[in-house]
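What follows is each chain in one-letter form.
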Number of protein chains: 2
Amino acid sequence: MEELNRITPEQFKAQTKFPVVVVLDSIRSMNNIGSIFRTCDAFNVEKLYLCGITACPPQKEISKTALGATESVDWEYAEDVVALVQKLKKDGYTTFMIEQVDESHMLDQFSFQDHEKIALIAGNEVYGVSDELLPICDAAIEIPQFGTKHSLNVTIATGIVLWEAVRSKLAVGH
Amino acid sequence: MEELNRITPEQFKAQTKFPVVVVLDSIRSMNNIGSIFRTCDAFNVEKLYLCGITACPPQKEISKTALGATESVDWEYAEDVVALVQKLKKDGYTTFMIEQVDESHMLDQFSFQDHEKIALIAGNEVYGVSDELLPICDAAIEIPQFGTKHSLNVTIATGIVLWEAVRSKLAVGH
């Protein structure tokens, strides 16, 4: 097995991030929140925003799946997700909800490469992203699905779309 | 919100699958096993192999995260993962372990497009893929990571690599 080149939380905080933020819009499960912290650590995300009913660290149930990532990933609670997304747009982020809507761009036919600053918004496990965000977000991204449930766990969906965003940054040598 | 075109488990079983199988090499957590069932349903996977200590349905803890996918996804228990991988190779599958090893292909620099039949092997949460598989698998795929832990949850890593395999099938209009 290779050397893993692990870094400390301090080194993580100091290193240049990909210009990508993740917004959690009322995620109910602390296991899911912690898991997304861990993914944001792995993918060198600039910031994780916790909105609405999304619980914030410190919480034992978040730590169980975050495995330390709550100490490295920069995060902030923002109660009003609509106000946050409007602020992110003003700050130059292209805002993408991860959602199955009529206007969705299918992930296999979409490229993040034209977008410098990226905000990905993931919604509640049952209700998805808030309806109020539909006219506000710049676009919706949908992961093609072919099964009986037509739904992926929110941590998996976020991981996949985040990977595509990170891949676009690697491609341009960011 | 759009119509989701959900199908029944019977319709799922009848539909043509992507020529992709997933192999779980001694996954410890039933939550993780169930979550991977759900992802395999969404991504229309041919078969899910449960090996070694990986628990099999029916199990309440698997169902909690599988959300019905144990009824749709074709699965089989195979105690000996080495024998299974050898059989899959004989059956024409290119076998890829999802693992961080010296010989890994980085996922952003790799394409599944040259491979018709694909087997993805995911390993134990702590120990990874069995050492015995290293000389047997055709290749190792690594997801680039930049964080303090240098590890993704196995369900997220499997979801991301499986998505890339599925995307290669969508690209050729499979």
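None of the values given here were measured: they were computed from a predicted structure.

(A) Fine view of the sheet that holds strand β5 (residues 105–106) of chain B. Residues and elements named next belong to chain B. With respect to topology, seven strands assemble into an open sheet ordered β3-β2-β1-β6-β4-β7-β5, the strand pairing being parallel. With partners counted over all chains shown, the strands left at the sheet margins are β3 (75–78) and β5, one partner each. Where strand β2 (residues 45–51) meets β3, four bridges bridge the pair, whose relative direction is parallel. Among the inter-strand pairings, L50 is bridged to a residue of β3, identified as Y77. Of the strands in this sheet, β1 (18–25), β2 and β3 are in contact with helix α2 (residues 30–42), which crosses β2 at around 165 degrees. Along the sheet face, helix α5 (residues 81–90) touches β1, β2, β3, β4 (94–98) and β6 (118–123) and points at about 165 degrees away from the line of β1.

(B) A look at the nonpolar core. If you look at the biggest cluster of nonpolar residues, it comprises 82 residues, and the most contacted ones within it are F112 of chain A together with F112 of chain B. When residues no more than four places from it in sequence are discounted, the contact partners of F112 of chain A are F96, L107, I118, L120, I141, V161, E164, A165 and S168 of chain A. Ranked by size, the runner-up nonpolar core spans 20 residues in total, among them Y49, C51, I136 and A140 of chain B.

(C) Quick look at the relation of the copies chain A and chain B. Each copy superposes on the other: chain A lies on chain B with an RMSD of 0.0 Å after a rotation of 180 degrees and an axial shift of 0.0 Å. With respect to symmetry, the two chain copies, as superposed, fit the operation of a two-fold axis.

(D) Spotlight on the interface of chain A and chain B. Counting from both sides, the interface comprises 48 residues of chain A and, opposite them, 48 residues of chain B. When chain A packs against chain B, the two sides together hide about 4400 Å² of surface, and 58% of this comes from carbon and sulfur. Of the charged contacts in the structure, one is a salt bridge between E164 of chain A and R167 of chain B, with a shortest N-O distance of 3.7 Å. Where chain A meets chain B, there are 19 residue pairs in polar contact (both at pLDDT 80 or more). Secondary structure elements with two or more residues in the side of chain A that touches chain B: α1 (9–14), α2 (30–42) and α6 (154–171) of chain A. The greatest single-element share of the side of chain A that touches chain B, amounting to nine residues, is contributed by α6 of chain A. Considering only residue class, the side of chain A that touches chain B consists of 20 nonpolar, 16 polar and twelve charged.

(E) Fine view of the packing of α6 of chain A against helix α6 (residues 154–171) of chain B. The geometry of α6 of chain A relative to α6 of chain B is characterised by a closest axis approach of 9 Å and an angle of 60 degrees between their N-to-C directions. Between α6 of chain A and α6 of chain B, the interaxial angle falls into the category oblique. In the packing of α6 of chain A onto α6 of chain B, the handedness of the crossing is right-handed. Here α6 of chain A contributes T155, I156, G159, I160, W163, E164 and R167 of chain A to the contact with α6 of chain B, which in turn contributes T155, I156, G159, I160, W163, E164 and R167 of chain B. When grouped by side-chain class, the residues that make up the contact of α6 of chain A with α6 of chain B number six nonpolar, four polar and four charged.

(F) Representation of the sheet that holds strand β3 (residues 75–78) of chain A in the model. Residue and element names in this part refer to chain A. Overall, parallel pairing links the seven strands, which are arranged β3-β2-β1-β6-β4-β7-β5 in an open sheet. For this open sheet the edge positions go to β3 and β5 (105–106), each flanked by a neighbour on one side alone. Seen against the sheet, α2 touches β1 (18–25), β2 (45–51) and β3 and runs at an angle of roughly 165 degrees to β2. Relative to the sheet, helix α5 (residues 81–90) contacts β1, β2, β3, β4 (94–98) and β6 (118–123), its axis offset from that of β1 by approximately 165 degrees.

(G) Up close: the pairing of strand β7 (residues 139–142) of chain A. All names here are of chain A. In β7, alternate side chains face the same way, and those of A139 and I141 on one face and A140 and E142 on the other are all buried. Looking at chain direction, β4 and β7 are connected through three bridges and run parallel. Looking at β7, one finds that F96 is bridged to A139. Here β5 pairs with β7 via two bridges, running parallel. In the strand pairing of β7, H105 is matched with I141.

The rules behind these values
- Residues numbered from 1 in each chain as written.
- Chains lettered and ligands numbered in written order.
- Predicted model: local features only at pLDDT ≥ 70, side-chain atom pairs only at ≥ 80, totals over all residues.
- Heavy atoms only, no water.
- Pairing = 2+ DSSP bridges.
- Helix = DSSP H or I, 4+ residues; strand = E, 2+ residues; numbered from the N terminus.
- Contact = heavy atoms within 4.5 Å.
- Axes fitted to C-alpha atoms, helices over the stretch in contact; angles between N-to-C directions.
- Core = buried A, V, L, I, M, F, W, Y, C linked by side-chain atoms within 4.5 Å.
- Buried < 20%, exposed > 50% of the residue type's maximum accessible area, 1.4 Å probe, protein only.
- Least-squares fit on C-alpha atoms with pLDDT ≥ 70 in both.
- Buried area = accessible area lost by both parts, 1.4 Å probe.
- Salt bridge = Lys/Arg side-chain N within 4 Å of Asp/Glu carboxyl O.
- Polar contact = N/O pair within 3.5 Å; in protein donor to acceptor, adjacent residues only side chain to side chain.
- Nonpolar A, V, L, I, M, F, W, Y, C, P; charged D, E, K, R; others polar.
- Parallel < 35°, antiparallel > 145°, perpendicular 65-115°, else oblique.
- Left-handed = near helix turned anticlockwise from the far one by under 90°.

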